[in-house]
Amino acid sequence: MAQDDPVVSAQWLHQHLGAPDVKVLDASWYMPVENKNPWEEYQVAHIPGAVFFDIDSIVDRTTDLPHMLPSEEAFAAAVSALGIKNQDKVIVYDGKGFFSAPRVWWMFRVFGHNKVWVLDGGLPQWRASGFDLGSASPDDAVLKSKTANKAVERVYNGEVTNTITFQTEFQPHLFWTLEKVAHNVGAKSYQQVDARSKGRFDGVAPEPREGVRSGHIPGSKCVPFPKMFDDAPRLLSADELRQKFQQAGISLDHPIVVSCGSGVTACILALGLYRIGKHDVPVYDGSWTEWEAQSDSDYPKATTTA
């Protein structure tokens with residue numbers, strides 16, 4: 001485990017599983033079109049001792065946009081309910097290997113907790129390593145997840161929450177808003193990199209969300225998130241990652257901001273960039289879903305035609 005690397009191996013986690021300061025989170029999440037239920041999957045099979053982190057519940061309850069970053073108070077209440085303290089090492093994984101876990105890795109970092117890593121290759125890599133899975137969900141683990149979701153609701157309702165054991169320290173440089181991105185379209189001080197597929201970016205393939213047009217923020221470059229890992233899936237080496245960004249015409253000597261459809265897979269790009277030493281890459285939380293919904297005159301949309 002290295003502080004300057006964002007992932008840990010299945011072997012490392014297996015050796016340290018059960019240590020009092022190692023907390024494991026199952027952050028599995030799927031696109032709506034996949035018709036999969038991560039909560040049910042967690043209850044059937046998970047890494048022993050893992051607690052479920054619900055990306056669609058530990059969210060900003062004041063917006064219709066999907067799974068936006070919650071307030072500091074709500075995040076602190078949820079994470080406290082999950083039994084995590086500031087001194088803990090947090091290991092996050094998901095059912096696909098590299099999909100939603102990096103989003104939770106980013107969330108912890110936005111709120112000032114840097115002792116957080118993604119399990120390299122996630123649950124598929126854990127299974128491939130032959131390590132045991134927990135099949136019964138202990139009552140206390142289920143209760144923790146439900147209490148965390150409820151704690152967020154209580155904060156947004158202005159009610160008293162559970163005891164706070166986790167202190168946050170918001171890192172604004174890692175979080176970008178619609179206004180920041182709009183300013184950057186003109187200023188071009190940051191390179192905007194989009195994690196969606198080339199078809200969605202170009203405007204020729206449909207978006208998975210109903211009523212959302214495809215296309216991209218003007219001036220963006222496209223690096224589809226699967227380019228960050230191999231077939232295992234494991235995160236590529238630093239040299240291979242550098243090559244992927246350079247091939248897309250991105251200068252690693254200049255600032256980068258990342259986005260995607262709704263703020264999840266952009267965090268995979270942030271994870272890859274972290275491995276190559278760029279530790280301060282912000283994520284545009286609302287991403288394309290927010291940008292596309294704005295008026296075209298104020299927030300122009302681009303497509304790439306052959």
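The rules behind the values
- Residues numbered from 1 in each chain as written.
- Predicted model: local features only at pLDDT ≥ 70, side-chain atom pairs only at ≥ 80, totals over all residues.
- Heavy atoms only, no water.
- Helix = DSSP H or I, 4+ residues; strand = E, 2+ residues; numbered from the N terminus.
- Buried < 20%, exposed > 50% of the residue type's maximum accessible area, 1.4 Å probe, protein only.
- UniProt positions renumbered as here; feature names shortened; annotations may be inferred.

S.K.: Tell me about unusual backbone geometry, and name the residues and values.
M.R.: Of the consecutive residues Ala232 and Pro233, the connecting peptide bond is found in the cis state with omega at -5°. Relative to the elements of secondary structure, Pro233 occurs in the loop between β8 (221-222) and α9 (238-247). At Asn35, a residue that is not glycine, the phi angle is positive and equals roughly 50°. Along the polypeptide, Asn35 turns up in the loop between β2 (22-26) and α2 (38-44). Taking the relative accessible area as the measure of exposure, Asn35 reaches 71% and is therefore exposed. One non-glycine residue, Ser287, adopts positive backbone phi at about 50°. On the basis of relative accessible area, Ser287 is assigned to the buried category, the value being 0%.

S.K.: Outline helix α4 (residues 101-110), supporting the account with residue identities and numerical values.
M.R.: α4 sits mainly inside the fold: ten of its ten residues count as buried. Of the positions making up α4, those classed as buried are Ala101, Pro102, Arg103, Val104, Trp105, Trp106, Met107, Phe108, Arg109 and Val110. Following α4 by one or two positions, Gly112 has its phi on the positive side, about 85°.

S.K.: Report on the UniProt feature "domain: Rhodanese" (unreviewed entry) in the protein chain, specifying residues and quantitative values.
M.R.: The positions UniProt marks with the feature "domain: Rhodanese" (unreviewed entry) are residues 18-135 and 186-300. Annotated as residues 18-135, this span is 29% helix and 14% strand, and its ends, taken at the C-alpha atoms, are 17 Å apart.

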